[in-house]
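Notes for the structure review
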Amino acid sequence: MHAFDHVGLSVADLDAMTGWYATVLGLSVEFEFELPGGLMRGAMLHSPDGYRIELLHRPDSVTGLQAGNPLEAAATRGFGHVAFDVPDVDAAYHALISHGASDRMSPRPSPEPGVQMAYVADPEGNLIELLDRAAAKAAGRYGHGDAHDPGSTS
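Let us look at the structure shown here. None of these values were measured; they are calculated from a predicted model.

Further remarks concern the overall build of the chain. Along the chain, the regular secondary structure elements total four helices and eight strands. In the chain, which comprises 154 residues, the proportion classed as buried is 35%. The contacts in the chain between residues at least 6 apart in sequence include a share of 49% that link residues at least 24 apart. A total accessible area of about 9100 Å² is found for the chain, and carbon and sulfur atoms account for 58% of it.

So this is what it looks like as structure tokens:
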């Protein structure tokens, strides 16, 4: 069984949107990052209920579909990415590849300290991120002990 980890959303103004999501949804900034060369910045936001939203900003991003309603949104396939916390990124990566997924980023350290990651695309090209947070959880850097953290005693 795999656990849902977070959803990613590309935004034009990272600082403004981080403030908006934090205020409107009561989220806290878990960590922020920037890829070398200024290619992308991001902020991982954490809910007291346990869910997470990753906001991403690329300077060269363009506006996508601006749907007026859910039916219009469903007329365009795809999403940013869906992420799963798995016990072994390498094993999960190879299992998905063997079932028709294609490589997008081989297993490697994540920008998030103590976390391993990989990306594959499903057969239609939708991105799936695989994360192994075991080391981060063991170091107390993940979940903040909330009721939705599988390692929580509360």
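Right, picking up where we left off after that structure.
A separate point is the pattern of salt bridges. One pass over the structure, following the stated rule, counts eight salt bridges. Measuring nitrogen to oxygen at the nearest pair gives 2.3 Å for the salt bridge that ties D5 to R133. On the criterion of sequence distance, the pair formed by D5 in strand β1 (residues 3–10) and R133 in the loop between β8 (127–132) and α4 (134–138) is long-range, its members being 128 residues apart. An identical accessibility class is assigned to D5 and R133; each is buried. A salt bridge links E30 to R52, with the nearest nitrogen and oxygen atoms 2.9 Å apart. Of this pair, E30 sits in strand β2 (residues 28–34) while R52 sits in strand β4 (residues 52–57), and the two are 22 residues apart along the sequence. Judged by its relative accessible area of 17%, E30 falls in the buried class. When its relative accessible area of 1% is taken as the criterion, R52 is described as buried. Through salt bridges with shared partners, a single ionic network connects D5, E30, R52, E112 and R133.

Counted residue by residue, strand β3 (residues 41–46) has five buried out of six residues, so it is predominantly covered. Of the strand pairs in this sheet, β2 and β3 are connected by six bridges, and their pairing is antiparallel. Directly across from F33, in β3, lies its bridge partner G42. Between β2 and the antiparallel strand that follows it, β3, lie six residues; G37 among them carries a positive phi value of about 80°. As defined by bridge partners, β3 adjoins β4 across six bridges and the pair is classed as antiparallel. By the bridge assignment, H46 is partnered in β4 with R52.

Before going further, it helps to spend a moment on the packing of aromatic side chains. By the definition in use, this model includes two aromatic pairs. Ring geometry for W20 against Y21: centres 4.9 Å apart, planes inclined by 85°, an arrangement best described as edge-to-face. By relative accessible area, W20 is classed as partly exposed at 44%. Judged by relative accessible area, which is 15%, Y21 ranks as buried. Considering the side-chain rings of F31 and F33, the 6.0 Å spacing of their centres and the 35° angle between planes classify their relative orientation as tilted.

So, how was this worked out
- Residues numbered from 1 in each chain as written.
- Predicted model: local features only at pLDDT ≥ 70, side-chain atom pairs only at ≥ 80, totals over all residues.
- Heavy atoms only, no water.
- Helix = DSSP H or I, 4+ residues; strand = E, 2+ residues; numbered from the N terminus.
- Buried < 20%, exposed > 50% of the residue type's maximum accessible area, 1.4 Å probe, protein only.
- Contact = heavy atoms within 4.5 Å.
- Areas by Shrake-Rupley, 256 points an atom, 1.4 Å probe, with all protein chains shown as cover.
- Salt bridge = Lys/Arg side-chain N within 4 Å of Asp/Glu carboxyl O.
- Pairing = 2+ DSSP bridges.
- Phe/Tyr/Trp six-rings, centres within 6.5 Å; stacked < 30°, edge-to-face > 60°.

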